[in-house]
Amino acid sequence: MASSLTHSMFTLLFVITSCLIEHHGGIANAQLSPNFYAQSCPNVEQIVLRTMRQAVANEPRMAASLLRLFFHDCFVQGCDGSVLLDDTATFTGEKGALPNKGSLRGFEVIDAIKANVEAACSATVSCADIVALAARDGVALLEGPVWSVPLGRRDATTASLTGANNELVPPFAGLPLIISRFAAKGLDTRDMTALSGAHTIGQARCVTFRTRIYNDTDIAPRFAANRQFTCPLTGGDDNTAPIDISSSLRFDNGYYQNLLTRHGLFHSDQVLFKGGSQDSLTEAYASNPGLFFRDFVNAMIKMGNINVLTGTNGQIRLNCRAVNSA
């Protein structure tokens, strides 16, 4: 895996460079910088990568889980680590929201990274930044692109169960709803289609794609039948299937190639190639992995700037699962 990571870093240098010089408009936050911890915690990225390399070696699916964790953090209140907070007798977090409950994973890996970072640089690196770095490293460890992550986020002291239930994109969403959910976060349709490519890795639970494989007509019949073997009409809600049938443990453009042949696992995936506004871009990503990588990286940096807390706002949590005690 180390050789793959090194290979990606050099072969995709043009991606990193283009992203760092691109201006992302109003969503960008000038206070974030890839060099934010250069003096206060210079080895933070190596610590995160070392812990991530071990976690992904133990369970390759964890790369996708941590990428999803970053998405779910940024889409609710912004990239502020709020998704990591546990419920208490006096506090309700986001983990119990319908899109998260029983399916959001990787909290123990974040705990391990945080412990290792704290041992080197106490009370310095935010949990929000750790999630952003872990997501990047998970992609790279599965042979995807590498990019410089702008850092300097601080951690929220609040969470939003309502936001988690209402602002994320459900797997049965149609294209207009998906576009509107992304637009609400300052992300355009190109960002949306590129970020959807995160589904090139990972697994999905039966309950999230059952309706598609039994009711949708824009699905390859044999693909639907194969999925029905592990996802019955009733029961088996937690049975899993790879979202990308061709390469669920390699970050590539296979997700888009699947859409061209009606092999999208989620309804919300297949609408990107269904005679609508995103068809041409989906085709472009399917034929040009470099274009997909470039746009994915740009969109990840843009998403990573959503409503971030900086300066004296928020806090640096000592335990990612709980707000610091007064």
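Nothing here was measured: the structure is a model prediction, and the numbers come from that model.

Draft legend 1. Representation of the environment of D269. With respect to the secondary-structure elements, D269 resides in helix α13 (residues 267–270). Taking the relative accessible area as the measure of exposure, D269 reaches 2% and is therefore buried. Separated by 25 residues in the primary sequence, D269 and R294 have C-alpha atoms spaced 20 Å apart. Side chain to side chain, D269 and H199 meet in a polar contact 2.9 Å long.

Draft legend 2. The arrangement of the packing of aromatic side chains in detail. Inspection of the entire model under this criterion finds twelve aromatic pairs. Between F251 and F292, the aromatic rings sit 5.7 Å apart at their centres with planes inclined by 10 degrees, giving stacked as the arrangement. With a gap of 41 residues between them, F251 in the loop between β2 (240–242) and α12 (254–260) and F292 in helix α15 (residues 289–303) connect regions that are remote in the sequence. Using a relative accessible area of 0% as the deciding quantity, one classes F292 as buried. Three or more aromatic residues joined by ring pairs make a cluster, and in this case those are W147, F251, Y255, Y256, Y285, F292, F293 and F296.

Draft legend 3. Layout of the pattern of salt bridges. Evaluation of the coordinates by the stated rule reveals 19 salt bridges. R210 is the partner of D237 in a salt bridge, and the nearest nitrogen-oxygen pair spans 2.8 Å. Taken together, the positions of D237 in the loop between α11 (221–230) and β2 and R210 in helix α10 (residues 206–215) put the pair 27 residues apart, joining distant regions of the chain. Judged by its relative accessible area of 13%, R210 is buried. For the salt bridge of D216 with R212, the shortest nitrogen-to-oxygen distance reads 3.1 Å. You'll find D216 and R212 in the same group, each marked buried. One salt-bridge network, held together by shared partners, links D86, K95, D111 and R321.

Cut-off values and rules
Residues numbered from 1 in each chain as written. Predicted model: local features only at pLDDT ≥ 70, side-chain atom pairs only at ≥ 80, totals over all residues. Heavy atoms only, no water. Helix = DSSP H or I, 4+ residues; strand = E, 2+ residues; numbered from the N terminus. Buried < 20%, exposed > 50% of the residue type's maximum accessible area, 1.4 Å probe, protein only. Polar contact = N/O pair within 3.5 Å; in protein donor to acceptor, adjacent residues only side chain to side chain. Phe/Tyr/Trp six-rings, centres within 6.5 Å; stacked < 30°, edge-to-face > 60°. Salt bridge = Lys/Arg side-chain N within 4 Å of Asp/Glu carboxyl O.

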